[in-house]
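Letter by letter, the chains look like this.
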Amino acid sequence: MTTPGVTAPPGPGFVAGLRLATGLHHTPTHSVAQLLVSHLPPRLPHESDEHIRTGMKSLAASLRLGPVTENPPMIGHRVRIWRGLPWLDYGDDSYRLCLPAAPSWARMVGTGTPVRVLALFDPLPAGADQHETDAHVRRGYLRRSMRWGTAYHA
């Protein structure tokens, strides 16, 4: 939902270019479901890297994500499991994003496991594999060109 004083989320044209990836991180003491949000590189005449960075910053602001140099802020109950599928409320009054997730991810989130949301400002190259994605995230962290937060199941 749009909240007064919170940046409006980007529109459906921008959101259509988002790339979403989910995963589970387990430690001996706890588990965290992860959601990586990035955008495809420019592919349309009106798109540029700067356009994508601006849109991702708007998305991060509408989600109330914070700098990765600080503890991830609690961003509320943003994930909902409906009929076995996880959905993200990204701040739009009318639309939600269906998340690509394994049933194990959805089950864990449904039982209260926190979801770490990480939004990358710089476009992630199309076809990036796990190694390239990891390197892109690490570069983004070093440049502080990303935001993060912790969400829960609604």
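Coordinates for the structure precede this section.
Everything in this summary refers to the structure shown in the same document. As the structure is a computational prediction, the values presented were derived from the model and not from experiment.

This next bit is on the pairing of strand E5 (residues 85–88). Only one face of E5 is covered, namely the one carrying Pro86 and Leu88; the face carrying Leu85 and Trp87 has none of its residues buried. Taken together, the two bridges between E5 and strand E6 (residues 97–98) define a ladder with antiparallel strand orientation. Directly across from Trp87, in E6, lies its bridge partner Cys98.

Applying the stated criterion across every chain, the model contains five salt bridges. The partner of Arg53 in a salt bridge is Asp122, and the shortest N-O contact between them spans 3.1 Å. Of this pair, Arg53 sits in helix H2 (residues 49–63) while Asp122 sits in the loop between strand E7 (115–120) and helix H4 (130–143), and the two are 69 residues apart along the sequence. Put simply, Arg138 and Asp134 hold a salt bridge, and the shortest N to O gap is 2.9 Å. Here Arg138 pairs with Asp134, and both are found in helix H4, just four residues apart, close to one helical turn. The class for Arg138 is exposed, based on a relative accessible area of 53%. Residues joined by salt bridges that share partners form a network here, namely Glu50, Arg53, Asp122 and Arg143.

Next up on the list: the nonpolar core. In terms of nonpolar packing, the biggest core is built from 25 residues, with Leu18, Met56, Leu88, Val115 and Val117 touching the most fellow members. Among the secondary structure elements, those contributing two or more residues to this core are helix H1 (12–15), strand E2 (31–39), H2, strand E4 (74–82), helix H3 (103–110) and E7. Considering each element in turn, this core owes the most residues, five residues, to H2. Non-local contacts of Leu88, meaning those with residues more than four positions away in its chain, are made with Leu35, Leu63, Arg78, Val79, Arg96, Leu97 and Leu99. Leu36, Val68, Leu118 and Met146 belong to the second-largest nonpolar core, a separate cluster that totals six residues.

Given 3.6 residues to a turn, an α-helix orients residues that are three or four positions apart in the same direction. End to end, H4 covers 20 Å across 14 residues, agreeing with the expected 20 Å (1.5 Å per residue, within 8%). Taken together, the buried positions of H4 are Thr133, His136, Val137 and Gly140. The buried residues of H4 all sit within an arc of 100° when viewed along its axis, so they share a single face. Turned more than 90 degrees off the buried face of H4, the exposed positions are His131, Arg138 and Leu142. If you follow the buried residues of H4, they end up packed against E2, E7 and strand E8 (146–153). The N-terminus of H4 is capped by Asp129, whose side-chain oxygen sits 3.1 Å from the backbone nitrogen of His131. Within two residues after H4, Arg144 carries a phi angle of roughly 60°, on the positive side.

Criteria and thresholds
- Residues numbered from 1 in each chain as written.
- Predicted model: local features only at pLDDT ≥ 70, side-chain atom pairs only at ≥ 80, totals over all residues.
- Heavy atoms only, no water.
- Buried < 20%, exposed > 50% of the residue type's maximum accessible area, 1.4 Å probe, protein only.
- Helix = DSSP H or I, 4+ residues; strand = E, 2+ residues; numbered from the N terminus.
- Pairing = 2+ DSSP bridges.
- Salt bridge = Lys/Arg side-chain N within 4 Å of Asp/Glu carboxyl O.
- Core = buried A, V, L, I, M, F, W, Y, C linked by side-chain atoms within 4.5 Å.
- Contact = heavy atoms within 4.5 Å.
- Expected span 1.5 Å × (residues − 1).
- Arc of directions from axis to C-beta.
- Polar contact = N/O pair within 3.5 Å; in protein donor to acceptor, adjacent residues only side chain to side chain.

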